[in-house]
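The residues making up each chain are set out below.
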Amino acid sequence: MTLSTLPRQIVGLGAVALVGLILALDLAATGTPDLFDAPSALALGSGQAPSGAHCTAQ
Amino acid sequence: MFLRRAFVIALILFAPLFGLVMAGPRAGLLIAIGIGFGLVLEGLRFGFAGPWRMIVAERDGRGLLAQFLAIGLVASVAFPLLAAHGGELSPAHAPIGLGMVLGAFVFGAAMQLVMGCGSGTLVNAGSGNLVGLIALLGFIGGSFAGSLHLGWWTGLASLPVLSLQGLFGANGGLVVTLAGLAALAALVIWRAAPGKRLPPVRLWWAAALIAALALANLVVAGQPWGIVYGLGLWGAKIAQAGGADLAASGFWANPGNAERLNASLLTDVTSLTSIGLVLGAFAVMRLRANPGAPAQALTARSYVLVLLAGLVLGYSARMAFGCNVGAFFSGISTGSLHGWVWLAAAFAGSTLGLKLRPVILRPAAQPKGAFA
């Protein structure tokens, strides 16, 4: 089996593993978020300004 | 079969629960919304790069019309929401500039080379397409690299941020947006070949579901659906873990971005939906009775070029203040004039990319005796 004939199942699992690896490395570096600081479930109605960053950020 | 399906269903149920337990209800909801995007995009085959190719190459306008429908549906709800709750929800507004236009043009070309846009790259990777996975690696690196030079690009020549709400008011902006989408739809219908003008039921459903998910994203996250920021953040975190000092970077020294860089990815809204998107696409592929044949084998040189095209895709998306999702879909649906300019520039680039594709993506030679 060569790289180019890898079945879709393996490649898809590789993508999931890549995301999982990035997340795990990040959790190891930054630690888990403080749940007491967690924002409310919905931004709408929270009374708080949006704090996330978007692709339009400069 | 049963065990495989049970594993996949457990995975897509576990992921939002993981977000909920680790980072709170908003994180859990955003992962669930991202999974929804992945399920719809892969399951109902709703895409962005493909329809842009099909209207040019095959005069098939059905996918493009579904895109306009989804954007129009989101705009119809998002404009009033943003007007009434401006303190809690923010639109995807960005300035029009030379670097932004150039970035959108290059992005359009690159997305035809890797056969996927921002969301398409994530969907392709999750659904087991090797080109998508390789392009995703490039996209992460490219959007991070683009963030390092964004200040230079925006300094070339740039207008202030212009929105249709600012120009025509909330109601007027919505009317202009819907009229613009209707005019484009009419153009597509006129251009499309007979029999390729009316989207099939599948795409009507997909457009409605994508619109519902995009609105859910806005209500939960407080901002529209986006992808590029999260992937650039992943690249920045990897670079930082490798010892890079990003304090000197204008972009990452910005207080908002510095906060994201030092906080968990589970608190970054664009990362959460992108993680969910990959999981959703993976789930659809694994739940199918037949996941499909591997993507067509390419020459080693072509895979290297796909990686480079992924880098260019990410870099140019950063220059353009978003990809097909953050700039085109979310920009237009929340009133940003830059979304319309992005569409024009990226479509021109996409046409060029279609011409370059057969030159760059060369199929590997078939082994002797193999069926063509």
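Within an unreviewed UniProt entry, the label attached to chain B reads YeeE/YedE family (DUF395), and the organism entered is Roseibaca calidilacus. The Subcellular location (unreviewed entry) comment attached to chain B in UniProt states, word for word, "Cell inner membrane".

### Side note on the overall build of chain B
From N to C terminus, chain B includes 16 helices and two strands. Relative to the globule expectation of 21 Å for 372 residues, the C-alpha radius of gyration of chain B, 20 Å, shows essentially globular dimensions. When its C-alpha atoms are laid out on the principal axes, chain B stretches across 65 × 55 × 45 Å. For chain B, with 372 residues in total, the buried portion stands at 58%. Total accessible area computed for chain B in this model is approximately 13,900 Å², and 72% of it derives from carbon and sulfur atoms. The average position of the 21 basic charges and that of the 7 acidic charges among the side chains of chain B differ by 16 Å.

### What to know about the packing of aromatic side chains
All names here are of chain B. Tallying each qualifying case throughout the model produces 15 aromatic pairs over all chains. Ring centres of W225 and F329 lie 5.8 Å apart, and the angle between their planes is 75 degrees; this geometry places the pair in the edge-to-face category. In this pair, W225 sits in the loop between α9 (201-221) and α10 (228-241) while F329 sits in helix α15 (residues 324-333), placing the two residues 104 residues apart along the sequence. Accessibility expressed as a relative area gives 1% for W225, which makes it buried. Both rings, one in Y229 and one in F251, keep their centres 6.2 Å apart while their planes meet at 45 degrees; by these two values the pair is tilted.

### Digging into the nonpolar core
All names here are of chain B. Among the nonpolar cores identified, the biggest contains 128 residues, and F46 and W342 are the most heavily contacted of them. A per-element tally of this core places α9 first, with twelve residues. Beyond its immediate sequence surroundings of up to four residues, W342 is in contact with W52, M100, A104, F107, A320, G322, C323, N324, A327 and F328.

### Notes on the interface of chain B and chain A
Listed by partner, the interface residues are 78 residues for chain B and 44 residues for chain A. Summing both sides of the interface, chain B and chain A together bury roughly 4,600 Å²; the carbon and sulfur share of this comes to 69%. Per-residue buried area on chain B facing chain A is highest for B:M22, B:R26 and B:E88; these three make up 14% of the total on that side. For the interface between chain B and chain A, the tally reads one salt bridge. Its salt-bridge partner being B:K237, residue A:D26 comes within 2.7 Å of it at the nearest N-O pair. Counting across the chain B and chain A interface gives twelve residue pairs in polar contact (both at pLDDT 80 or more). Among the elements that line the side of chain B that touches chain A, the one with the most residues is helix α13 (residues 269-287) of chain B, at eight residues. Its residues assigned to classes, the side of chain B that touches chain A comprises 47 nonpolar, 24 polar and seven charged.

### Looking at the environment of B:R286
With respect to the helices and strands, the residue B:R286 is situated in helix α13. C-alpha separation for the pair B:R286 and B:G116, spaced 170 residues apart in sequence, amounts to 20 Å. Not counting the four nearest positions on each side in its chain, B:R286 is found in contact with A:Q9, B:R4 and B:V8.

### Notes on the packing of helix α1 (residues 8-30) of chain A against α10(B)
Put simply, α1(A) and α10(B) touch, their axes get as near as 11 Å, and they point 55 degrees apart. Accordingly, the angle class assigned to the pair α1(A) and α10(B) is oblique. Both α1(A) and α10(B) take part in a crossing whose hand is left-handed. Touching A:V19, A:I22, A:D26 and A:T30 of α1(A) are B:W234, B:K237 and B:I238, all from α10(B). The class makeup of the residues in the contact of α1(A) with α10(B) is four nonpolar, one polar and two charged.

### Quick notes on the environment of A:L13
Residues and elements named next belong to chain A. Locating L13 in the fold gives a position in helix α1. The class of L13 is partly exposed, set by a relative accessible area of 42%. For the pair L13 and F36, spaced 23 residues apart in sequence, the C-alpha to C-alpha distance is 34 Å.

### With respect to the side chain of B:S274
All names here are of chain B. In this fold, S274 is placed in helix α13. On the basis of relative accessibility, which here comes to 1%, the residue S274 falls in the buried class. One polar contact links the side chain of S274 to the main-chain carbonyl oxygen of T270, over a distance of 3.0 Å. When sequence neighbours within four positions are dropped, the list of residues in contact with S274 reads L122, G226, I227 and W234.

### Quick notes on the state of the cysteines
Any covalent bond linking the sulfur atoms of two cysteines counts as a disulfide. Under the counting rule described, the total for this entry stands at zero disulfides over all chains. Here B:C117 is not disulfide-linked; the sulfur of B:C323 is the nearest cysteine sulfur, at 6.8 Å.

### Notes on a nonpolar patch on the surface
Taken together, B:V304, B:L308, B:L311 and B:V312 make up a surface patch of nonpolar side chains, about 310 Å² in accessible area. For B:L311, the location among the structural elements is in helix α14 (residues 300-319).

### With respect to the side chain of B:T177
Mapped onto the elements of the fold, B:T177 is located in helix α8 (residues 164-191). If near-sequence neighbours (up to four positions away) are discounted, B:T177 is found in contact with B:A75, B:F79, B:L164, B:I332 and B:W340.

### Brief notes about α13(B)
In a regular helix each residue adds 1.5 Å, so 19 residues correspond to 27 Å; α13(B) covers 27 Å between its end C-alpha atoms and thus fits that length. Of all 19 residues making up α13(B), 18 are buried, and the element is well covered by its neighbours.

Thresholds applied
Residues numbered from 1 in each chain as written. Chains lettered and ligands numbered in written order. Predicted model: local features only at pLDDT ≥ 70, side-chain atom pairs only at ≥ 80, totals over all residues. Heavy atoms only, no water. UniProt positions renumbered as here; feature names shortened; annotations may be inferred. Helix = DSSP H or I, 4+ residues; strand = E, 2+ residues; numbered from the N terminus. Rg over C-alpha atoms; globule rule 2.2 N^0.38 Å. Buried < 20%, exposed > 50% of the residue type's maximum accessible area, 1.4 Å probe, protein only. Areas by Shrake-Rupley, 256 points an atom, 1.4 Å probe, with all protein chains shown as cover. Lys, Arg positive; Asp, Glu negative; His and termini not counted. Charge placed at Lys NZ, Arg CZ, Asp CG, Glu CD. Phe/Tyr/Trp six-rings, centres within 6.5 Å; stacked < 30°, edge-to-face > 60°. Core = buried A, V, L, I, M, F, W, Y, C linked by side-chain atoms within 4.5 Å. Contact = heavy atoms within 4.5 Å. Buried area = accessible area lost by both parts, 1.4 Å probe. Salt bridge = Lys/Arg side-chain N within 4 Å of Asp/Glu carboxyl O. Polar contact = N/O pair within 3.5 Å; in protein donor to acceptor, adjacent residues only side chain to side chain. Nonpolar A, V, L, I, M, F, W, Y, C, P; charged D, E, K, R; others polar. Axes fitted to C-alpha atoms, helices over the stretch in contact; angles between N-to-C directions. Parallel < 35°, antiparallel > 145°, perpendicular 65-115°, else oblique. Left-handed = near helix turned anticlockwise from the far one by under 90°. Disulfide = S-S within 2.5 Å. Patch = residues over 30% accessible without salt bridge, like charges linked within 9 Å, V, L, I, M, F, W, Y side chains within 5 Å. Expected span 1.5 Å × (residues − 1).

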